[in-house]
Amino acid sequence: MYPNILRHPGPTPIPKKVELAMAQNMISHRTEEFVELYQKTTQRLKPIFGTKQDILFLPSGGTAALEAAAVNTVSPGEEVVVITVGAFGDYFVSICENYGFHVHKLEKKWGEACTKEDLIEFLKPLSNIKAVFATYNETSTGILNPIDQLGEVVRTHTDALFIVDGVSAIGGAAPKMDEWNIDILVTGSQKAMMLPPGLALLSVSDKAWKVIEENNTPAYYLNLISYREWAAKGMTPNTPSISLIMGLSAVCDLIDEEGGFPKTVERHQLMKQMVREAMMALSIELLTGDEYASPTITAIKKPEGIDLSTFLGHLKKKYHLDFAGGLGPLQGKIFRFGHMGYCFPSDILEAVSLIEAGLQDFSYHFDPGAGVLAAQKVFLGSLRKE
Ligand SMILES: *Cc1c(COP(=O)(O)O)cnc(C)c1O
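The strand order β2-β10-β9-β8-β5-β3-β4 describes an open sheet built from seven strands, whose pairing is mixed. Strands with a single pairing partner mark the edges of an open sheet, and in this sheet they are β2 (55-58) and β4 (102-107). Within the sheet, the average angular offset between the axes of one strand and its neighbour, ignoring direction, is 20°. In this sheet, strand β10 (residues 200-204) lies alongside strand β9 (residues 184-188) in antiparallel orientation, the contact comprising five bridges. Of the residues in β10, the one forming a bridge with Val 186 is Leu 202. Sheet contacts for helix α2 (residues 32-49): β2, β9 and β10; angle to β2, the most-contacted strand, approximately 115°.

Shown next, in the form of structure tokens:
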């Protein structure tokens, strides 16, 4: 009876308007109606990616689009740099290794960002790099890498393509694909895009298209040239996730309703700040510093003296509040508070209040109400600025 309060970093809650849009009668993907839906929606997504390029729709999770970005641009034996600051950066490493690329792994400690200086230093002994892969928002640690600066380094120090995993950032952060020298930018539907899983979005620069044309990829289903050919007609090579694209059109409506995409991004910044201040007021530590803190997810350290998995189980069972735990080396050490997509300051106040209730159940020593008050202060401050 009680709704599950889903504060995961994906899948995330779906707005009613999007659900209703997805419940429309099915249409064929080889009709005028679909072409119109496709063309309008890809246009409306451009500001969200910060690009003039078209957005391609893959009927898949984000991982398939990452794989498409890799296999279409690089051939076995060619050298690539993969920047990894956590679990999702490691995905890119695995994809590149599986395809037999010669991988140079720039690895940072989980909880840290890759800085411009790190990349410059790493590139020094290297030449012939075909592509540099990076994660925009590392979902396992809540780090937003400085992709603008990394893109600048790739442009000035190499001829390589810059390929960016934007899953869990796009929709909540504001990438500028063209300005930041990103050649391929990828996202999935179920993180900050307010949709269920099953639709990946991908955009490709002119520079990357040239490389793709010359690179004889063995890919069939993930062949981007074929996506581009069909996109010119407002269609996809195979059956697309039609319902999800109907939903995506409603997502664009909701963003317009909010006052445009910059407002959506501002809301994410505000929620980030509310969560961070609340945890500090409860003397609960954050994994990351302010500088590279993600606008869509916050990694929160285990409250002192509490067994984290028992605590998270308790929050779920008693208060229907559902958080994700830590991955890999951070398992049992952090939990992850997702504040992306269809999430509002009121949701943060609710979640913080329920965390406090849980902390009282566990006899954690704190001032009851301190976290809510701190979050509220940030929220009210933002209203006064308007
Ligand atoms: C979730 C996520 C992925 C994987 O996406 P799937 O849709 O699960 O395939 C990749 N990268 C990042 C940064 C993610 O958050």
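So, next bit.
All chains considered together, the criterion is met by 19 salt bridges. Close ionic contact of Glu 78 with Lys 130 constitutes a salt bridge, the shortest N to O distance being 2.9 Å. With a gap of 52 residues between them, Glu 78 in the loop between α3 (62-73) and β3 (79-84) and Lys 130 in strand β5 (residues 129-135) connect regions that are remote in the sequence. With relative accessibility at 26%, the residue Glu 78 sits in the partly exposed group. A relative accessible area of 23% places Lys 130 in the partly exposed class. Here the residues in one salt-bridge network are Arg 44, Asp 253 and Asp 256, joined through shared partners.

Turning to the domain arrangement of the protein chain, a few remarks are in order. Think of interface size as the accessible area that goes away when the parts come together; that is how it is often given. Taken domain by domain, the protein chain holds domain 1 (5-11 + 260-385) and domain 2 (16-256). Between domain 1 and domain 2, the C-alpha centre-to-centre distance is 28 Å. At the junction of the two partners, domain 1 supplies 26 residues and domain 2 supplies 29 residues. Of the roughly 2200 Å² buried where domain 1 meets domain 2, counting both sides, 70% is carbon and sulfur surface. Run the count over domain 1 and domain 2 and you get zero salt bridges. For the side of domain 1 that touches domain 2, the leading source of residues is helix α10 (residues 261-281), giving four residues. When grouped by side-chain class, the residues that make up the side of domain 1 that touches domain 2 number 16 nonpolar, nine polar and one charged.

What counts and how
Residues numbered from 1 in each chain as written. Predicted model: local features only at pLDDT ≥ 70, side-chain atom pairs only at ≥ 80, totals over all residues. Heavy atoms only, no water. Pairing = 2+ DSSP bridges. Helix = DSSP H or I, 4+ residues; strand = E, 2+ residues; numbered from the N terminus. Axes fitted to C-alpha atoms, helices over the stretch in contact; angles between N-to-C directions. Contact = heavy atoms within 4.5 Å. Salt bridge = Lys/Arg side-chain N within 4 Å of Asp/Glu carboxyl O. Buried < 20%, exposed > 50% of the residue type's maximum accessible area, 1.4 Å probe, protein only. Domains from an automatic or database assignment. Buried area = accessible area lost by both parts, 1.4 Å probe. Nonpolar A, V, L, I, M, F, W, Y, C, P; charged D, E, K, R; others polar.

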